[in-house]
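Analysis of the macromolecular model
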Amino acid sequence: RFKFNLARLFLLGFAACFIGLVIGFLVYLSPFFGRFEEIFFALSGQYYEEASYDTRILFIEEGIKVWLRSPIIGVWCGFFREWGTYAHSNYIDLLCNYGIVGLVSFYSIYYLIIKKYLWIPFKQNFNLETKKRAFFCLVFFGILMIWEVAAVTHSDRYFPPLMGAIYAMSIQIYINYRSMKLYNR
């Protein structure tokens, strides 16, 4: 089914490197580069007086302390909202306010969508277009999970419509699967 082609592999590698360089160059020219540079210095251990990084680390430390008071169900008080802010991390906010139960409940939706709807095209004989849509959704979930390290999305007003669109794409893939399964009987 799949033939190993060295020329195609080289071309894909070259294209990936080229796209990576273009994106890197665009980020370098953007006004956000200074922010990335500050965060890189802070994460690499070279202290850089970057207030946002320091504040996020403080919120993570405080969130973990609050979570440890009630690790199973959390404190249910909107802890960071009492300070007039938020945790700056979806994982910390969910753990702090809703504990392990809330974190697992929230991310079980991701798991179920991925397992039930998005793995099917790669296991079955689907057309390339459906596999591309499934791959897009999987990449989206990966980016979202990385993004949620530094952002709170579960209470964001833009999050439900975004998840609704991805869920609709996932359901469409599942409907294609069911119709293909019925057709092959």
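It should be emphasised that the depicted structure is a prediction, and the values quoted were computed from it without experimental measurement.

1. Observations regarding a nonpolar patch on the surface
- A cluster of nonpolar side chains, contributed by Phe 10, Phe 14, Phe 18, Ile 19, Val 22, Ile 23, Phe 25, Leu 26, Tyr 28 and Leu 29, occupies part of the molecular surface with about 1100 Å² of accessible area.
- One can find Ile 19 in helix α1 (residues 6-29).

2. Regarding the confidence of the model for the protein
- Residues with a pLDDT of 70 or more make up 88% of the protein, whose mean pLDDT is 81.
- Element-level pLDDT for the protein is lowest in helix α2 (residues 33-43), with a mean of 68, against a maximum mean of 89 in helix α5 (residues 90-118).

3. Examining the pattern of salt bridges
- If you walk through the whole model with that rule in mind, you get one salt bridge.
- We note a salt bridge from Glu 62 to Lys 65, for which the minimum N-O separation is 3.5 Å. On the criterion of helical spacing, the pair formed by Glu 62 and Lys 65 is a turn pair, its members being three residues apart in helix α3 (residues 51-69).

4. Regarding the environment of Arg 81
- With respect to the helices, strands and loops of the structure, Arg 81 is situated in helix α4 (residues 79-82).
- Residue Arg 81 is classed as partly exposed on the basis of its relative accessible area of 44%.

5. A closer look at the side chain of Ser 170
- Take Ser 170: it is sitting in helix α8 (residues 159-183).
- Setting aside residues no more than four positions away along its own chain, Ser 170 makes contact with Ile 113, Tyr 117, Leu 118 and Cys 137.

Analysis parameters
Residues numbered from 1 in each chain as written. Predicted model: local features only at pLDDT ≥ 70, side-chain atom pairs only at ≥ 80, totals over all residues. Heavy atoms only, no water. Patch = residues over 30% accessible without salt bridge, like charges linked within 9 Å, V, L, I, M, F, W, Y side chains within 5 Å. Areas by Shrake-Rupley, 256 points an atom, 1.4 Å probe, with all protein chains shown as cover. Salt bridge = Lys/Arg side-chain N within 4 Å of Asp/Glu carboxyl O. Helix = DSSP H or I, 4+ residues; strand = E, 2+ residues; numbered from the N terminus. pLDDT = per-residue confidence, 0-100. Buried < 20%, exposed > 50% of the residue type's maximum accessible area, 1.4 Å probe, protein only. Contact = heavy atoms within 4.5 Å.

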